[in-house]
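Coordinate inspection notes
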Amino acid sequence: MSAWLTQHSAALAAAFRRLLAAPMSTLLSLLVIGIALTLPAFGYVLLDNLRELGSRASGVKQISVFLELGASRKEVAEIESRLRQASGLTWRFVPREEALKRLQQTEEMAEIVASLPRNPLPDAFIVEPADTEPAALEAISKELAGWPKVAHVQLDSAWVKRFDAFLRLGRLALAMLAGLFAAGLVAVTFNTIRLQVMARAAEIEVARMIGATDAFIRRPFYYFGALQGALGGLLAAGIVLGGLHLLAGPVGELAALYGAAFALKAPTAIGAAVLAAGGALLGWLGAQLSVSLSLRKFD
Amino acid sequence: MIVASNLTKRYPGGYEAVRDVSFEISAGQMVLVSGHSGAGKTTLVKLIASIERPTSGSLVVNGQNLSALRRSAIPYVRRHFGMIFQDQKLLFDRSALDNVLLPLQIAGLSRRDAIRRAQAALDKVGLLAREKANPIALSGGEQQRLAIARAVVNRPTVLLADEPTANLDSDSAGDILELFADFHRVGVTVVVATHDQSWIERCHPNVLRLDHGRLL
Ligand SMILES: Nc1ncnc2c1ncn2[C@@H]1O[C@H](COP(=O)(O)OP(=O)(O)OP(=O)(O)O)[C@@H](O)[C@H]1O
Ligand SMILES: [Mg+2]
């Protein structure tokens, strides 16, 4: 156990030394890996923020149910009782008088409303389902439309659907981008390690002949790949944070123009850790592939 | 302790460097391997160190049949031997001390213990003062002694040396000879491939004479 620990800490220390031994090439590799991880990470943060923005946008989760003009109190009560029985809904009744009053409060409309001989507005219900998935909203509004005395059901579903489709496309593009850059990271590590194995050919040859196990020879390279990947991941997290910091001002101003308060959500420490772990995993994979291939000629 | 029976090594390409060789070396013995260039001395030494695998025949060291080893067991068997290579195989990207540390790192010693033992080995061959030097800055004799320090640092039961006095003047060669005699005295089995005629005469009759891979 203690020999095991000694060997692993020695391999880790060796990996650190190898990183520091060639600072220029280490820096370049880290930059390449960092940038490769930054793009998908940034895309992820952006999509996450968009999703947040979409789900917060008002009106999207509401269904307006307009009754026929001639609907009686009793018929309204009937709809109310049906809504009460349905689960997963919150709703609010907007009597036609209230709707008219609201319209009158709007400056441009006041005069027009005053000139009307009678109230042209119907009674309405504003329904908010708990499930805001586009498909669920669609199903509910279809059902509501079939109820008696319901004249019209309005759902801003086209917008919701478009936004959802856009998010899905974004996620797919992001996944493809991430896959591509992950492959790039593996390739970069592969090449770095290949060069290292060549540079250490003499050491590997002697070590083998005097009793080094495969694991002993491979371990420092694995640690090197993982370490380099992890540092690249942290660098990417730093770049994303920096980028968001630069964007925070303009985004705040933009949101203010629309009368909304919206701040970009920055990745958390967990996000940075995930990036570092992902980088480490890919680096380890690249090292594994490279070492397996490069060490063949020593057999 | 080292028993070879009908040992044969055929290299890829078909050349038989060692042919049907049988011998016995008992524990604590000092044995020389002699022969003309290309006779198969290096090959025989590498077979004993299980750096090369026999094509046929058997080789038993300390009761362990090296010709029937599993691949994964080979590294551990190699650690029983202290090997001094014909071309020394010193590493010129690190200090003398770090060269001697390598076998101890392979064995998984803690850094503190490893340094203590490596320094003791350097002291034994008279190179402690040069521990920080790069091997490239050492003389031929010093490099040879450094190679010996690396071979013995892990306290092997068998010391194998491939022409350790080649290219050395007689004084330096004498120093090396003394070192091997010391290890022999404390019970280490020593096998040396050499051309050195005076040494061969001194060790008579413990000399394996090879000729075109065959034992004379
Ligand atoms: N890896 C190899 N592949 C093919 N043939 C080899 C290999 N190593 C050695 N040989 C051949 O085997 C024969 C014996 O070689 P070996 O190195 O054992 O001789 P040696 O007695 O040590 O010679 P020297 O005194 O010159 O060191 C030589 O003919 C050599 O060409
Ligand atoms: Mg030779």
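On a predicted model such as this, the values are computed, not experimentally measured, just so you know.

Conventions used here
- Residues numbered from 1 in each chain as written.
- Chains lettered and ligands numbered in written order.
- Predicted model: local features only at pLDDT ≥ 70, side-chain atom pairs only at ≥ 80, totals over all residues.
- Heavy atoms only, no water.
- Helix = DSSP H or I, 4+ residues; strand = E, 2+ residues; numbered from the N terminus.
- Rg over C-alpha atoms; globule rule 2.2 N^0.38 Å.
- Buried < 20%, exposed > 50% of the residue type's maximum accessible area, 1.4 Å probe, protein only.
- Contact = heavy atoms within 4.5 Å.
- Lys, Arg positive; Asp, Glu negative; His and termini not counted.
- Charge placed at Lys NZ, Arg CZ, Asp CG, Glu CD.
- Phe/Tyr/Trp six-rings, centres within 6.5 Å; stacked < 30°, edge-to-face > 60°.
- Lys NZ or Arg CZ within 6 Å of the ring centre and 35° of its normal.
- Donors = N, O, S within 2.8 Å, 3.2 Å for Na, K, Ca; no water.
- Pairing = 2+ DSSP bridges.
- Axes fitted to C-alpha atoms, helices over the stretch in contact; angles between N-to-C directions.
- Core = buried A, V, L, I, M, F, W, Y, C linked by side-chain atoms within 4.5 Å.
- Buried area = accessible area lost by both parts, 1.4 Å probe.
- Salt bridge = Lys/Arg side-chain N within 4 Å of Asp/Glu carboxyl O.
- Polar contact = N/O pair within 3.5 Å; in protein donor to acceptor, adjacent residues only side chain to side chain.
- Nonpolar A, V, L, I, M, F, W, Y, C, P; charged D, E, K, R; others polar.

So, about the overall build of chain A. Broken down by element type, chain A carries ten helices and four strands. The order of α-helices and β-strands along chain A, N terminus first, is α-α-β-α-β-α-α-β-α-β-α-α-α-α. Over its C-alpha atoms chain A spans a radius of gyration of 31 Å, topping by over 25% the 19 Å that the globule rule assigns to 299 residues. Principal-axis analysis of the C-alpha atoms gives chain A an extent of 105 × 40 × 30 Å. Considering chain A as a whole, with its 299 residues, one finds that 38% of them fall into the buried category. Partitioning the intrachain contacts of chain A with sequence separation of at least 6 by distance along the chain shows that 83% fall at a separation of at least 24. Between the mean site of the 28 positive side-chain charges and the mean site of the 24 negative ones, chain A shows a separation of 9 Å.

A few words now on the packing of aromatic side chains. All names here are of chain A. Scanning all chains against the criterion turns up four aromatic pairs over all chains. Between Trp91 and Phe125 the ring centres are 6.0 Å apart and the planes differ by 65°, which places this aromatic pair in the edge-to-face class. Placement of the pair is Trp91 in strand 2 (residues 89-94) and Phe125 in strand 3 (residues 124-129), with a sequence separation of 34 residues. Positioned above the aromatic ring of Phe221 is the side chain of Arg18, whose terminal nitrogen or guanidinium carbon lies 4.8 Å from the ring centre. The ring of Trp147 has Arg82 lying over it, and the distance from NZ or CZ to the ring centre is 5.3 Å.

The next subject is the coordination of the magnesium ion (ligand 2). Put simply, the ideal angle at a metal is 109.5 degrees for four donors in tetrahedral geometry and 90 or 180 degrees for six donors in octahedral geometry. Residue and element names in this part refer to chain B. At the metal site, the magnesium ion (ligand 2) is ligated by Thr42 (OG1) and Gln86 (OE1), and these contacts range over 1.8 to 2.3 Å. Of this pair, Thr42 sits in helix 1 (residues 41-48) while Gln86 sits in the loop between strand 6 (81-84) and helix 3 (96-107), placing them 44 residues apart in sequence. Overall, the relative accessible area of 24% leaves Thr42 in the partly exposed class. For Gln86, a relative accessible area of 43% corresponds to the partly exposed category.

Time to look at the sheet that holds strand 1 (residues 63-67) of chain A. All names here are of chain A. A sheet is described by the order of its strands in space; here four strands give the open sequence 2-3-1-4, paired in antiparallel fashion. Whereas interior strands pair on both sides, the edge strands pair on one side only; in this sheet they are strand 2 and strand 4 (150-155). On average, adjacent strands in this sheet sit at an angle of 20° to one another, irrespective of strand direction. Note: strand 1 against strand 3, four bridges, orientation antiparallel. From the neighbouring strand, Ile63 faces strand 3, where its bridge partner is Val127. Running over the sheet, helix 3 (residues 73-85) touches strand 1, strand 2, strand 3 and strand 4 and is turned about 165° from strand 2.

Ile2, Phe23, Leu44, Phe81 and Leu160 of chain B are the most contacted members of the largest nonpolar core, which has 55 residues in total. Looking at which element gives the most residues to this core, the answer is helix 9 (residues 214-257) of chain A, with six residues. With near-sequence residues (within four places) excluded, Leu44 of chain B lies in contact with Leu7, Val18, Phe23, Val33, Leu208 and Leu210 of chain B. Ranked by size, the runner-up nonpolar core spans 40 residues in total, among them Leu97, Leu127, Ala151 and Trp199 of chain B.

Opposite the 18 residues of chain A that make contact, chain B presents 19 residues. Counting the surface lost from both chain A and chain B, the interface buries some 1600 Å², and carbon and sulfur atoms represent 64% of this. Among the residues chain A hides against chain B, the three largest losses belong to Val206, Met209 and Ile210 of chain A. Together they make up 37% of the total. Linking Arg94 of chain B and Glu203 of chain A is a salt bridge whose minimum nitrogen-to-oxygen distance equals 2.8 Å. Here chain A is connected to chain B by six residue pairs in polar contact (both at pLDDT 80 or more). Among the secondary structure elements, those contributing two or more residues to the side of chain A that touches chain B are helix 1 (2-21), helix 8 (201-209) and helix 9 of chain A. Sorting elements by how many residues they give to the side of chain A that touches chain B places helix 8 of chain A first, with seven residues. Tallied by class, the residues present in the side of chain A that touches chain B amount to eight nonpolar, four polar and six charged.

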